[in-house]
Amino acid sequence: QAQLVESGGGVVQPGGSLRLSCVASGFALDYYALGWFRQAPGKEREGVSSINIYDDSTMYVDSVKGRFTISRDKNMVYLQMNDLKTEDTATYYCAAGLVHRPFTPNGMDYWGKGTLVTISS
């Protein structure tokens, strides 16, 4: 069974850092993008960052550029989040989709259950 499992969420103050991790199993990663979405209460789920397995190309939503860094190692994908802001508060979901599909919620094949990130003073 295909599975994505996230970890690393927590509560930090504005300006702090967190590192999210996701382990993928049960499917071949060769032609997939792995990445992260987030969803805050009352808001749409948005794509945050992705990385293609075959060429390591990356994508970041404008609001996190310069603060977040995505990386991968075999079946693991990470999201280093620095200079966190209150507006980053959300449940973060690891997701995987075939690389030729848009990195949008409807384009994803597999989802983790989410890990909660809370930025509060």
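Residues numbered from 1 in each chain as written. Predicted model: local features only at pLDDT ≥ 70, side-chain atom pairs only at ≥ 80, totals over all residues. Heavy atoms only, no water.

*Asks:* It is not clear to me how unusual backbone geometry should be interpreted in this structure. Could you clarify?
*Replies:* The phi dihedral of D56 falls on the positive side, at around 65°, and the residue is not glycine. Position of D56 among the secondary structure elements: in the loop between strand 5 (46–52) and strand 6 (58–60). Positive phi values are uncommon outside glycine, yet K74 reaches one of about 55°. By secondary structure assignment, the location of K74 is in the loop between strand 7 (68–73) and strand 8 (76–81). The class of K74 is exposed, set by a relative accessible area of 68%. (Helix = DSSP H or I, 4+ residues; strand = E, 2+ residues; numbered from the N terminus. Buried < 20%, exposed > 50% of the residue type's maximum accessible area, 1.4 Å probe, protein only.)

*Asks:* What's the story with the pairing of strand 5 in this structure? I'm lost.
*Replies:* Within a regular strand, the side chains alternate between the two sheet faces. Of all 7 residues in strand 5, 6 are buried, a share of seventy percent or more. Pairing of strand 4 (residues 32–39) with strand 5 involves 6 bridges; the strand directions are antiparallel. By the bridge assignment, L34 is partnered in strand 5 with I51. Connecting strand 4 to the antiparallel partner strand 5 that follows it, the hairpin turn spans 6 residues, and G42 within it adopts a positive phi of roughly 80°. (Pairing = 2+ DSSP bridges.)

*Asks:* Could you clarify how one ought to interpret the packing of aromatic side chains in this entry?
*Replies:* Aromatic ring pairs: the centre-centre distance and the angle between the two ring planes describe each pair. Tallying each qualifying case throughout the model produces 6 aromatic pairs. Aromatic pair F27 and Y32: ring centres 5.1 Å apart, planes at 65°, arrangement edge-to-face. With respect to class, F27 is no different from Y32; both count as buried. When the ring of F27 is compared with that of Y110, the centres are 4.6 Å apart and the planes differ by 40°; the resulting orientation is tilted. One end of the pair, F27, is in the loop between strand 3 (18–25) and strand 4; the other, Y110, is in strand 10 (residues 110–111), with 83 residues separating them in the sequence. (Phe/Tyr/Trp six-rings, centres within 6.5 Å; stacked < 30°, edge-to-face > 60°.)

*Asks:* For this particular structure, what's the right way to read the pattern of salt bridges?
*Replies:* Two side chains that carry opposite charge are able to pair once their charged atoms sit near each other. Counting across every chain of the model gives 6 salt bridges. Note that R38 is salt-bridged to E46, the shortest N-O span being 2.7 Å. Measuring nitrogen to oxygen at the nearest pair gives 2.2 Å for the salt bridge that ties R101 to D109. Given a relative accessible area of 33%, R101 falls into the partly exposed group. The partly exposed category is assigned to D109, whose relative accessible area is 30%. Residues participating in the shared-partner salt-bridge network are R38, E46, R67 and D88. (Salt bridge = Lys/Arg side-chain N within 4 Å of Asp/Glu carboxyl O.)

*Asks:* Got a minute to help me understand the state of the cysteines in this structure?
*Replies:* Summed over all chains, the structure comprises 1 disulfide. With its sulfur 2.1 Å from that of its partner, C22 forms a disulfide with C94. Of note, the bridge from C22 to C94 carries an S-S torsion of about -85° and is left-handed in sense. Here C22, found in strand 3, pairs with C94, found in strand 9 (residues 90–98); they are 72 residues apart in sequence, far enough to count as distant. (Disulfide = S-S within 2.5 Å.)

Shape is all these values report; function is a separate question.
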